[in-house]
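Chain by chain, the residues run as shown.
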Amino acid sequence: MPGHWLLARLGKRVLRPGGVELTRWMLDALRVGPGDRVVELAGGLGATARLTLARGPAAYTAVDRDPAAVAALSALTGPGRGRVRAVGVDAARTGLPDGTATVVHGEAMLSMQPEPAERRVVAEARRLLADSCGRYALHELCVLPDGLDPALAERIGADLSGALRVGARPLTPSGWSGLLAAEGFTVTDRRIAPMALLEARRLVADEGLAGALGIAGRALRDPAALRRVLRMRRVFCRHRAHLGAIALVARPAPTRP
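Below, the structure is looked at part by part. (Residues numbered from 1 in each chain as written. Predicted model: local features only at pLDDT ≥ 70, side-chain atom pairs only at ≥ 80, totals over all residues. Heavy atoms only, no water.)

1. Some points on the pairing of strand β2 (residues 59–63)
- Along β2, five of the five residues are buried, which leaves the element largely enclosed by surrounding structure.
- Across the two faces of β2 the burial is the same, with A59, T61 and V63 and Y60 and A62 all buried.
- Inspection of the sheet shows strand β1 (residues 37–41) paired to β2 by five bridges, in the parallel sense. Bridge pairing links R37 to A59 in β2.
- As paired elements, β2 and strand β3 (residues 83–87) share five bridges and run parallel to each other. Note on β3: the bridge partner recorded for Y60 is V84. (Buried < 20%, exposed > 50% of the residue type's maximum accessible area, 1.4 Å probe, protein only. Helix = DSSP H or I, 4+ residues; strand = E, 2+ residues; numbered from the N terminus. Pairing = 2+ DSSP bridges.)

2. Digging into the pattern of salt bridges
- Scanning the model with the defined rule gives 17 salt bridges in all.
- As a salt-bridge pair, R135 and D36 come within 3.0 Å of each other at their nearest N and O atoms. Here R135 is found in strand β5 (residues 135–143), whereas its partner D36 is found in the loop between α2 (19–30) and β1, with 99 residues between them in sequence.
- Residue R240 is joined to E199 by a salt bridge in which the shortest nitrogen-to-oxygen separation is 3.7 Å. (Salt bridge = Lys/Arg side-chain N within 4 Å of Asp/Glu carboxyl O.)

3. Focus on the side chain of E183
- Relative to the elements of secondary structure, E183 occurs in the loop between α7 (173–182) and β6 (185–194).
- A polar contact is formed between the side chain of E183 and the side chain of R119, at a distance of 2.9 Å. (Polar contact = N/O pair within 3.5 Å; in protein donor to acceptor, adjacent residues only side chain to side chain.)

4. Description of the sheet that holds β1
- Here seven strands make up an open sheet; going across it, the order is β3-β2-β1-β4-β5-β7-β6 and the pairing mixed. Since the sheet does not close on itself, it has two edges, and those belong to β3 and β6, each with one partner. Across the sheet, the mean angle from the axis of one strand to that of its neighbour is 15°, orientation sign disregarded.
- Strands in contact with α2 are β4 (103–107), β5, β6 and β7 (243–252); relative to β5, the strand with the most contacts, it is inclined by about 150°. (Axes fitted to C-alpha atoms, helices over the stretch in contact; angles between N-to-C directions. Contact = heavy atoms within 4.5 Å.)

5. A closer look at helix α6 (residues 150–164)
- A rise of 1.5 Å per residue sets the reference length of α6, with its 15 residues, at 21 Å; its end C-alpha atoms lie 21 Å apart and thus fit the reference within 8%.
- Taken residue by residue, α6 has L152, I156, G157, L160, A163 and L164 as its buried positions. The arc enclosing the buried residues of α6, seen along the axis, measures out at 140°, which places them on a common side. Exposed residues pointing more than 90 degrees away from the buried face of α6 are listed as P150 and E154.
- Structurally, the start of α6 carries an N-cap: the backbone nitrogen of A151 is 3.1 Å from a side-chain oxygen of D149. (Expected span 1.5 Å × (residues − 1). Arc of directions from axis to C-beta.)

6. Section: a positive patch on the surface
- Taken together, R13, R50, R218 and R221 make up a surface patch of like positive charges.
- For R221, a relative accessible area of 65% gives the class exposed. (Patch = residues over 30% accessible without salt bridge, like charges linked within 9 Å, V, L, I, M, F, W, Y side chains within 5 Å. Areas by Shrake-Rupley, 256 points an atom, 1.4 Å probe, with all protein chains shown as cover. Lys, Arg positive; Asp, Glu negative; His and termini not counted. Charge placed at Lys NZ, Arg CZ, Asp CG, Glu CD.)

7. Concerning the packing of aromatic side chains
- As enumerated under the stated definition, the model contains one aromatic pair in all.
- Relative to F185, the ring of Y136 has its centre 5.1 Å away and its plane inclined at 35°; by these criteria the two rings are tilted. Residue Y136 is found in strand β5, and its partner F185 is found in strand β6; the two are separated by 49 residues along the sequence.
- Here Y136 falls in the buried class, since its relative accessible area comes to 1%.
- Overall, F185 belongs to the buried group, its relative accessible area being 3%. (Phe/Tyr/Trp six-rings, centres within 6.5 Å; stacked < 30°, edge-to-face > 60°.)

Next comes the structure, spelled out in structure tokens:
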């Protein structure tokens, strides 16, 4: 089982590398409001969806190819929600019309993709945005600092992949900015935060005290799950000096005549 779904099974709801604080910063920087049509790529279990919907956008579409995630997101589409929906498609090929969104955001997915797949997702975000006033944001793992020895960056990715059981390829901050620039975006805002997903303080901040205690209790009652969680935490601690979380907000660059 991939690490994020194991944590979800234990009751963890915030599965973003910079925690709910960095997600809130991202939504503030996007200035999501009543006039926006929002598309969230890889919506997961709906933690960010709830924060987005609390800002009252005109329309919200969650995209995720995992049936369990789509089921969780579909629970948010109740009466009074207006134009809210969840669709089970790939983030790189949503099938949504060109220019369907004023805001597109995605979290904790590009870090787990090879470079060609990263480019396809970012290109899809560019296609979905209505015009140069559109905004795109990502929230991902990053390796630090810029100029980090490529061999060390590769080793960090390999250790993460082994612990999380998904391919992991976090970029440096300049690497993430370069990816966006290559697909037609100009970065307007950036924030870097510690990657402290399994630290006690972050668990309480993200899940609340009762939620954090519940996660710990379920892990203690499941020795196999506890071993996996402790392995993930050891890897995060081993690379603490070079592992972080990054959020970037960008606008489509003006097209050349």
